[in-house]
Amino acid sequence: MQLEIRPDPAEVGRARRWARSRLAGSGIEADEPLAETLILLVSELVTNAVVHTGCPAVLRLSLPGVAAEEVTVRLEVADSSNRAPVPRCVGDEATGGRGLALVDGLADRWGWSVEGPGKRIWCELDRCARPVDGPDHGSAAERPGPVDAGAVAAFQAPEPLYGGFAYEAV
């Protein structure tokens, strides 16, 4: 499934709402940490496409069709800009510029490739079998909860994994 994105910052909110609405039939609950992380990644990648390219983009989302304990969700944003991602370093006080470092920290896998005259940036999230409550598996209170927005905003990867660089789509 895909959504066409106009080069307008208001499209970021529309992309988040669209992605949330697609979760309903996927077996991924809206309040599940995987869903919250997915929506954050949609926001980051669509923001990069809209703000840094000034070109229309396409958001693609691959969700499972039925409830399953183990799934991989794939998110892609393709745009027609021929400007390749470039390394971006920001200071501690900067209010932006950490988007792809955040993607690197939250996604299980991510990357980018040339697509026609533009590019495609993608990431994947895995949901493994849910832990079972019990003495060997920990209680629900001990398992990680939803992503804390404040902690995410402060996240800065010490060493990005993609070829030793963090990339910002520009």
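See the structure printed just above.
Residues numbered from 1 in each chain as written. Predicted model: local features only at pLDDT ≥ 70, side-chain atom pairs only at ≥ 80, totals over all residues. Heavy atoms only, no water.

**A closer look at the packing of helix α2 (residues 33–53) against helix α3 (residues 99–106)**
Viewed as axis vectors pointing N to C, α2 and α3 meet at an angle of 150°, and their least axial separation amounts to 10 Å. As far as their axial angle goes, α3 and α2 are roughly antiparallel. As α2 packs across α3, the resulting crossing turns out to be left-handed. Of the residues in α3, those touching α2 at Thr37, Leu40, Leu41, Glu44, Leu45 and Asn48 are Gly99, Leu100, Leu102, Val103 and Leu106. Looking at side-chain class alone, the contact of α2 with α3 contains seven nonpolar, three polar and one charged residues. (Axes fitted to C-alpha atoms, helices over the stretch in contact; angles between N-to-C directions. Helix = DSSP H or I, 4+ residues; strand = E, 2+ residues; numbered from the N terminus. Parallel < 35°, antiparallel > 145°, perpendicular 65-115°, else oblique. Left-handed = near helix turned anticlockwise from the far one by under 90°. Contact = heavy atoms within 4.5 Å. Nonpolar A, V, L, I, M, F, W, Y, C, P; charged D, E, K, R; others polar.)

**Some thoughts on the nonpolar core**
Within the largest apolar cluster, 33 residues are counted, with the highest numbers of intra-cluster contacts made by Leu38, Val46, Leu59 and Leu75. Mapped by element, the contributors of at least two residues to this core are β1 (2–5), α1 (11–23), α2, β2 (57–62), β3 (71–79), α3 and β6 (118–127). Examining the composition of this core, we find that ten residues originate from one element, α2, more than from any other. Among residues more than four places away in sequence, those in contact with leucine 38 are Leu23, Leu61, Leu63, Val73, Leu75 and Leu125. (Core = buried A, V, L, I, M, F, W, Y, C linked by side-chain atoms within 4.5 Å. Buried < 20%, exposed > 50% of the residue type's maximum accessible area, 1.4 Å probe, protein only.)

**Regarding the packing of α1 against α2**
The angle between the axes and the distance between the axes are what describe a pair of packed helices. At a minimum axis distance of 9 Å, the contact between α1 and α2 shows a crossing angle of 150°. Overall, the two elements α1 and α2 adopt an arrangement that is roughly antiparallel. Judged by the sense of rotation from one axis to the other, the crossing of α1 with α2 is right-handed. Judged by residue contacts, Glu11, Val12, Ala15, Arg16, Ala19, Arg20 and Leu23 of α1 engage Ala35, Leu38, Ile39, Val42, Ser43, Val46, Thr47 and Val50 from α2. Here the contact of α1 with α2 is built from residues that sort into ten nonpolar, two polar and three charged.

**What about α2?**
Over its 21 residues, α2 extends 30 Å from the first C-alpha to the last, a length consistent with the 30 Å expected when each residue adds 1.5 Å. Taken across its 21 residues, α2 has 15 buried, putting it largely inside the fold. At the C-terminal side of α2, glycine 54 shows a positive phi close to 70°. (Expected span 1.5 Å × (residues − 1).)

**Observations regarding the pairing of β6**
Counting buried positions over the ten residues of β6 gives nine, a clear majority of the element. In this sheet, β6 lies alongside β3 in antiparallel orientation, the contact comprising nine bridges. Of the residues in β6, the one forming a bridge with glutamate 76 is tryptophan 122. Strand direction decides the pairing type here: strand β5 (residues 109–115) and β6, joined by seven bridges, are antiparallel. Bridge pairing in β6 links tryptophan 110 to cysteine 123. Counting the residues between successive antiparallel strands, the hairpin from β5 to β6 contains two residues, one of them, glycine 116, with a positive phi of roughly 55°. (Pairing = 2+ DSSP bridges.)

**Re the environment of aspartate 108**
Structurally, aspartate 108 is set in the loop between α3 and β5. Judged by its relative accessible area of 44%, aspartate 108 falls in the partly exposed class. In the structure, aspartate 108 is positioned 18 residues away from aspartate 126 in sequence and 6.6 Å away in space, judged by C-alpha atoms. Excluding residues within four positions of it along the chain, aspartate 108 makes contact with Glu124, Leu125 and Asp126. Only 2.6 Å separates the side chain of aspartate 108 from the backbone nitrogen of aspartate 126, close enough to count as a polar contact. (Polar contact = N/O pair within 3.5 Å; in protein donor to acceptor, adjacent residues only side chain to side chain.)

It is worth stressing that arrangement in space is one thing and function is another; only the former is reported here.
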